[in-house]
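Inside the fold
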Amino acid sequence: MATLQDILKNFYIGPVRKNLNDATVLLAQLKKSSTEVVGEQVILPLHIGRNWGVGARGTSGTRVLPTARNQKYDKAYFTTKDVYGRIEISGKTIRATKTDRGAFLRAVTSETEGMTVDLGSDINRQLFNDGTGNLAVCGTGATSATVVVDSTQYLEEGMYVDFYDAGGTITGNVGKEIVSIDSDTQITLAASITWTTGDTIKLMGVTATDELNGLALVVNNSGSLHNIDPATVSIWKGNVFGDDSSPQVISEDDMQQAQDAAEKKGGKVDMIVTSYEGRRKYIQLLAQQKRYTTPQAGKLKGGYEYIDFNTIPFVVDRHCQANSSTTRMYFLTLKSLGIYRMADFDWMKEDGNILARQVGANATESYEATLVCDMEFGCTARRHNSVYKGIAVA
């Protein structure tokens, strides 16, 4: 067993970390930092105001000098959140490969590779959400195995989900399996349930405060972020254009306004991220203007390809908000955004063992290994970023 654990530690943790860091478009571009982490808390000093002890006084030399003032500072602070990925290896597999190092490597590869893809995808999805863990909102209440929702974008077959009422209290519908995604607005569960209009759906076990912050919260002009409320600190507002509830035809002028708003306030937009629907509408816009003949193209970290807007990489991420009627574009100053963490992903081994045997009444003959990272999505300047909402996709 010690040899097998050594294989997990030395052969897998490096590739797992790399694959997780480059897993999806947005996640791959965000800076990773642990320099500001103190224990489990992250503290970000913010410069929020200039020294206005300045001013001209004409030519006499006898006027009263400007009042001495100082720079204005605040601090953003937050606690990192626990993100986990688990694999399971059967006891029979371990016995069969006990004397064959290569066989164990082959047996475990599918589990570690699958886990890194799935965990990376879920982290990336969180980076677009608002931190509440909501995956979808239920439509008109009913009793059925077929549930109508506002969007199935973040739902997948095989998921186990919990239902919460509109007030945020978990209902009796816990651990329900999604057996099919029927359309953009409908799922089928393994068994019939009764739900109420406005119920929200989360991954099983996730509560309203468990998930990472995401762009829906960070690039916003309202709502507290990192314990600073823009209602009292006006500089702590993102730039919001458009309205998801009122979709409009994409406009190059609206895109330019979104870029300009961030840059007028000190940002430097160096990535625009949207959905597949958003890219399609942007390409249509360029074609209508007969300008899509020789677009600039390139590659980002992780090998992700992009076209451009004003020479800024314009990229697609499948987790960017989109439904049957509307989508968004985010205009990001990447240096203002980052993943803050205590350390990189690593196997849990506080008791000295990476592989732990299942225990309890329902235990099977298998061993588990768990990856963990204490992390959070942080921002040092909301106003350096913009979102263009309500882009019609029909």
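An account of the accompanying structure is given in this report. (Residues numbered from 1 in each chain as written. Predicted model: local features only at pLDDT ≥ 70, side-chain atom pairs only at ≥ 80, totals over all residues. Heavy atoms only, no water.)

Here we take up the overall build of the chain. Scanning the chain from terminus to terminus reveals 7 helices and 22 strands. Across the 394 residues in the chain, those meeting the buried criterion constitute 45%. The long-range fraction of contacts in the chain, counting pairs at least 24 apart against all pairs at least 6 apart in sequence, stands at 78%. Working note: accessible area of the chain is about 19,400 Å², and carbon and sulfur atoms make up 49% of it. (Helix = DSSP H or I, 4+ residues; strand = E, 2+ residues; numbered from the N terminus. Buried < 20%, exposed > 50% of the residue type's maximum accessible area, 1.4 Å probe, protein only. Contact = heavy atoms within 4.5 Å. Areas by Shrake-Rupley, 256 points an atom, 1.4 Å probe, with all protein chains shown as cover.)

Read from one edge of the open sheet, 7 strands run 12-22-17-13-16-15-14, paired in mixed fashion. The open sheet terminates on both sides in strands that have one partner only, identified here as strand 12 (239–241) and strand 14 (298–299). (Pairing = 2+ DSSP bridges.)

Going through the model one piece at a time under the given rule, you end up with 7 salt bridges. Between Glu376 and Lys81 there is a salt bridge; the shortest N-O distance is 3.2 Å. Of the two residues, Glu376 sits in strand 21 (residues 366–379) while Lys81 sits in strand 5 (residues 81–90), which places them 295 residues apart along the sequence. The shortest N-O distance in the salt bridge between Glu368 and Arg86 comes to 2.4 Å. (Salt bridge = Lys/Arg side-chain N within 4 Å of Asp/Glu carboxyl O.)

The next point concerns a negative patch on the surface. A surface patch of negative charge is lined by Asp118, Glu156, Glu157 and Asp182. With respect to the helices, strands and loops of the structure, Glu157 is situated in the loop between strand 7 (142–148) and strand 8 (160–164). On the basis of relative accessible area, Glu157 is assigned to the exposed category, the value being 52%. (Patch = residues over 30% accessible without salt bridge, like charges linked within 9 Å, V, L, I, M, F, W, Y side chains within 5 Å. Lys, Arg positive; Asp, Glu negative; His and termini not counted. Charge placed at Lys NZ, Arg CZ, Asp CG, Glu CD.)

What the rule picks out here adds up to 5 aromatic pairs. Considering the side-chain rings of Phe309 and Phe331, the 6.5 Å spacing of their centres and the 85° angle between planes classify their relative orientation as edge-to-face. Of this pair, Phe309 sits in strand 15 (residues 305–309) while Phe331 sits in strand 17 (residues 326–332), and the two are 22 residues apart along the sequence. Both residues of the pair, Phe309 and Phe331, belong to the buried class. Here a set of aromatic residues connected by ring pairs shows up, and it is made of Tyr282, Phe309, Phe314 and Phe331. Between the NZ or CZ atom of Lys75 and the centre of the ring of Tyr77, over which it lies, the distance is 5.8 Å. (Phe/Tyr/Trp six-rings, centres within 6.5 Å; stacked < 30°, edge-to-face > 60°. Lys NZ or Arg CZ within 6 Å of the ring centre and 35° of its normal.)

Position of Glu368 relative to the elements: it lies in strand 21. Residue contacts for Glu368: discarding those within four places in its chain leaves Arg86, Ile87, Glu88, Ile354, Leu355, Ala356 and Gln358.

On the secondary structure map, Ser121 appears in helix 4 (residues 101–126). At a separation of 2.5 Å, a polar atom in the side chain of Ser121 contacts the side chain of Arg318. Leaving out residues up to four positions away in the same chain, Ser121 has contacts with Thr24, Arg318 and His319. (Polar contact = N/O pair within 3.5 Å; in protein donor to acceptor, adjacent residues only side chain to side chain.)

It is worth spelling out unusual backbone geometry at this point. Located in the positive-phi region is Asn310, a residue other than glycine, with phi close to 55°. Note on placement: Asn310 falls in the loop between strand 15 and strand 16 (312–316). Overall, the relative accessible area of 38% leaves Asn310 in the partly exposed class. Of note, the phi angle at Thr311 is positive, near 70°, even though the residue is not glycine. Note on placement: Thr311 falls in the loop between strand 15 and strand 16.

Two elements, strand 6 (residues 136–137) and strand 11 (residues 200–203), share 2 bridges in a ladder whose sense is antiparallel. The residue bridging Ala136 from the neighbouring strand is Ile201, located in strand 11. Where strand 8 and strand 11 come together, 4 bridges link them in antiparallel fashion. If you follow Asp162 over to strand 11, its bridge partner there is Lys202.

Below, the discussion takes up the nonpolar core. Counting 70 residues, the largest nonpolar core has Leu155, Ile201, Tyr330 and Leu332 as its most contacted members. Take this core: its biggest share by element is 6 residues, from strand 21. Each residue touching Leu155, except ones within four places of it in the same chain, is listed here: Leu135, Ala136, Val149, Ile178, Ile181, Ile187 and Ile201. Grouped together as the second largest cluster of nonpolar side chains are 17 residues, Ile250, Met255, Leu285 and Tyr388 included. (Core = buried A, V, L, I, M, F, W, Y, C linked by side-chain atoms within 4.5 Å.)

Moving on: the environment of Asp210. On the secondary structure map, Asp210 appears in the loop between strand 11 and helix 5 (215–218). A residue is classified by how much of its surface remains accessible, and Asp210, at 35% relative accessible area, is partly exposed. For the pair formed by Asp210 and Lys81, sequence separation is 129 residues and the distance between their alpha carbons is 6.9 Å. Ignoring sequence-local partners within four residues, the contact set of Asp210 consists of Lys81 and Gly205. Of the polar contacts made by the side chain of Asp210, one reaches the backbone nitrogen of Thr207; its length is 2.8 Å.

Don't take any of this as a statement about function, it's just geometry.
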